[in-house]
Amino acid sequence: MSKGLVVLAYSGGLDTSCILVWLKEQGYDVIAYLANIGQTEDFDAARKKAEKLGAKKVFIEDLRSEFVEEFIWPSVQANAVYEDRYLLGTSIARPCIARRQVQIAQREGAQFVSHGATGKGNDQVRFELTCYALYPQVQIIAPWRIPQFYNRFPGRKDLMEYAEKHGIPVPVTPKAPWSMDANLMHISYESGVLENPKNHAPPDLYQMTQSPEDSPSQPDVLEINFRKGVPVKVTHIKDGTSRDSPLDIFSYLNEIGGRHGVGRIDIVENRFIGMKSRGIYETPGGTILLHAHLDIETFTMDREVRKIKQSLGIKFSELIYNEADYRGRVIRAGEGPSLRGFWYSPECEFVRHCVDKSQENVEGSVQLSVFKGQVYILGRESPKSLYNEELVSMDVQGDYDPCDASGFIKINAVRLREHNRLQGAAHKKL
């Protein structure tokens, strides 16, 4: 007698392959679901493997276009960066993956969904809050939080032994002594030899970008066109190559950025669940777009609006990365119906609406050079520019009255004199 039908977010790797067999061992019927979000994968081999392991059905879904249009583009509009450096490539992929997982579960009448996210990471929260937001009645099986599972498999060696016993084909040894997660936005690396934050990243770690030292000796010069803060076209100035569909634009920028080693970072970040972790990331196309969008945004957006929008970008990034519910609590078993996934939470919807509103006049083109690991802005133009060449000119008076600055200078001179007086008094006390 089956315990029910479960849709497993399946990658074909060691963890989720073992979880698929373990779920069947526990009495569940399993549907394997694999999302194509731009990772390098033999999807046909993954399908055959899942079928061999006993999956009732296998769904392989191409989500690349919706990933770019519905998740990456809003992040570009927001200039979303976590802790000043991380462009959130893993974080924004999770609601895209989990949304389709829920759709499959509802369509197939599955009462359960499952995933292979570790109990120490953020992904468990990202997956589960999205599932609960879109399918409140769903029940989630998170093996790495179930004592029966994690006590049985305390290490990778135990998983390998289980795989051998049950005829699960896996590599004899790990491909590399670190964990890797890839999608169209980026590749992330963590764990293994990288857990010591002093260890340098091995030169052969990087897969999406080549070393800036080995990159071409001539730059690639691009023009990126924006409308409402979203890239609508990219053109290579020298050879005339152009792309104008969202997926093609982003893929082409990944190609150019990867060629020049753009978008590599090595950071220690603060996880939401309370620990620091070391991560290495490659985000070539996203890094190019961050530079270009910041430039055209500053060129076309009112100063005071931009100040507010900057704070919204920070809030947006924290919501994506942290993904607590709207009461600030981490997910707990049995609380599914009352939780909201970050992307679908009322506060994130509000922030995204405000960011979208701020982008109404962010239109125009940016010319930039990509070279030796760097992005250099060369120029920009826009029909909605707030730049007044005559007004700012050092050679043309225009309609600006220099006396207008007098009041500002006087007010701030008084403020600075008072500040210095108080500082002087404080030093005398010391």
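Up top is the structure these notes are about.
Residues numbered from 1 in each chain as written. Predicted model: local features only at pLDDT ≥ 70, side-chain atom pairs only at ≥ 80, totals over all residues. Heavy atoms only, no water.

(A) Quick peek at the pattern of salt bridges. One pass over the structure, following the stated rule, counts 22 salt bridges. Note that Glu25 and Arg152 form a salt bridge whose closest N and O atoms lie 2.8 Å from each other. Of this pair, Glu25 sits in helix H1 (residues 14–25) while Arg152 sits in the loop between helix H6 (147–150) and helix H7 (156–165), and the two are 127 residues apart along the sequence. A residue is classified by how much of its surface remains accessible, and Arg152, at 35% relative accessible area, is partly exposed. Residue Asp44 is joined to Lys48 by a salt bridge in which the shortest nitrogen-to-oxygen separation is 3.3 Å. With Asp44 and Lys48 both in helix H2 (residues 43–52) and 4 residues apart, this pair spans about one turn of that helix. (Salt bridge = Lys/Arg side-chain N within 4 Å of Asp/Glu carboxyl O. Helix = DSSP H or I, 4+ residues; strand = E, 2+ residues; numbered from the N terminus. Buried < 20%, exposed > 50% of the residue type's maximum accessible area, 1.4 Å probe, protein only.)

(B) Broad picture of the side chain of Arg94. Within the fold, Arg94 resides in helix H4 (residues 89–108). Here the side chain of Arg94 touches Asp181 through a polar contact of 3.1 Å, side chain to side chain. With residues up to four places along the chain from it excluded, the contact list for Arg94 reads Asp123, Arg126, Phe127 and Asp181. (Polar contact = N/O pair within 3.5 Å; in protein donor to acceptor, adjacent residues only side chain to side chain. Contact = heavy atoms within 4.5 Å.)

(C) Layout of the packing of aromatic side chains. Tallied over the entire structure, the rule returns 13 aromatic pairs. Look at Phe153 and Tyr162: their rings are 5.0 Å apart centre to centre, the planes differ by 75°, and that puts the pair in the edge-to-face class. Assigned by exposure class, Phe153 and Tyr162 land together as buried. Seen from their ring centres, Phe299 and Tyr387 are 6.2 Å apart, and the 35° between their planes marks the pair as tilted. In this pair, Phe299 sits in helix H9 (residues 284–300) while Tyr387 sits in the loop between strand E14 (374–381) and helix H12 (389–392), placing the two residues 88 residues apart along the sequence. Look at Phe299 and you get buried, because its relative accessible area is 16%. Three or more aromatic residues joined by ring pairs make a cluster, and in this case those are Trp22, Trp144, Phe149, Phe153 and Tyr162. (Phe/Tyr/Trp six-rings, centres within 6.5 Å; stacked < 30°, edge-to-face > 60°.)

(D) View of the state of the cysteines. Taken as a whole, this structure holds 0 disulfides when the rule is applied. No disulfide involves Cys131; its sulfur sits 13 Å from that of Cys96, the nearest cysteine. Its sulfur unpaired, Cys348 is 11 Å from the next cysteine sulfur, which belongs to Cys354. With relative accessibility at 0%, the residue Cys348 sits in the buried group. (Disulfide = S-S within 2.5 Å.)

(E) Structural view of the packing of helix H3 (residues 64–78) against helix H8 (residues 246–259). Here H3 crosses H8 at 80°, and the two axes come no closer than 8 Å. As judged from the angle between their axes, H3 and H8 are roughly perpendicular. Two secondary-structure elements touch here, H3 through Arg64, Ser65, Val68, Glu69, Ile72 and Trp73 and H8 through Pro246, Leu247, Ile249 and Phe250. The class makeup of the residues in the contact of H3 with H8 is 7 nonpolar, 1 polar and 2 charged. (Axes fitted to C-alpha atoms, helices over the stretch in contact; angles between N-to-C directions. Parallel < 35°, antiparallel > 145°, perpendicular 65-115°, else oblique. Nonpolar A, V, L, I, M, F, W, Y, C, P; charged D, E, K, R; others polar.)

(F) Representation of empty space enclosed by the protein within the structure. All told, the structure shown has 1 cavity of 30 Å³ or more when counted by the stated rule. Reported here for the largest cavity is a volume of approximately 110 Å³. Surrounding the largest cavity, Ile72, Ser75, Val76, Asn79, Ala80, Leu87, Met185, Phe250, Gly286, Leu289 and Leu290 form its lining. (1 Å grid on protein atoms, 1.4 Å probe; cavity = no way out; pocket = protein on both sides within 12 Å on 5 of 7 lines; lining within 4 Å. Points joined across faces, edges and corners; volume = space filled by probe spheres on them.)

(G) The arrangement of the sheet that holds strand E10 (residues 242–243) in detail. Pairing is antiparallel across the open sheet formed by 5 strands, whose spatial order is E10-E9-E8-E13-E14. In this open sheet, the two edge strands, each paired with only one partner strand, are E10 and E14. Bridge analysis of strand E8 (residues 220–227) against strand E13 (residues 364–371) gives 7 bridges, and the strand direction is antiparallel. Of the residues in E13, the one forming a bridge with Leu222 is Leu368. (Pairing = 2+ DSSP bridges.)

(H) Main features of the environment of Asp29. Summarising the element assignment, Asp29 is placed in strand E2 (residues 28–36). When the C-alpha atoms of Asp29 and Asp248 are compared, they prove to be 38 Å apart, with 219 residues separating the residues in sequence. Among residues more than four places away in sequence, those in contact with Asp29 are Ser2, Gly4, Leu5, Val6 and Lys56.

(I) Up close: H7. For H7, the full list of buried residues reads Leu159, Met160, Tyr162 and Ala163. Buried residues of H7, viewed axially, fall in a sector of 160°; they line one side. The exposed residues of H7 that point more than 90 degrees off its buried face are Lys157, Glu164 and Lys165. Gly167, located one to two residues past H7, shows a positive phi value of around 70°. (Arc of directions from axis to C-beta.)

(J) Representation of the pairing of strand E7 (residues 187–190). The pairing of strand E6 (residues 179–182) with E7 spans 4 bridges and is classified as antiparallel. Looking across to E7, one finds that Ala182 is bridged to Ile187. Hairpin connection of E6 to E7: 4 residues between the antiparallel strands. In this sheet, strand E12 (residues 276–282) lies alongside E7 in antiparallel orientation, the contact comprising 3 bridges. Bridge assignment links Tyr189 to a residue of E12, and that residue is Ile280.

(K) Examining the pairing of E12 more closely. The buried count for E12 comes to 6 of 7 residues, which makes it a mostly enclosed element. For strand E11 (residues 264–270) and E12, the ladder comprises 7 bridges, and the chain directions are antiparallel. Among the inter-strand pairings, Ile265 is bridged to a residue of E12, identified as Tyr281.

(L) Region of interest: the sheet that holds strand E4 (residues 112–114). Reading across the sheet, the 5 strands line up as E3-E2-E1-E4-E5 and stay open at both edges, with parallel pairing between neighbours. Only two strands of the sheet have a single neighbouring strand rather than two, namely strand E3 (57–62) and strand E5 (139–141). Ignoring which end each strand starts from, the neighbouring axes of this sheet average 25° apart. Bridge count for E4 against E5 is 3 bridges, and the pairing is parallel. What sits directly across from Val113, in E5, is Ile140.

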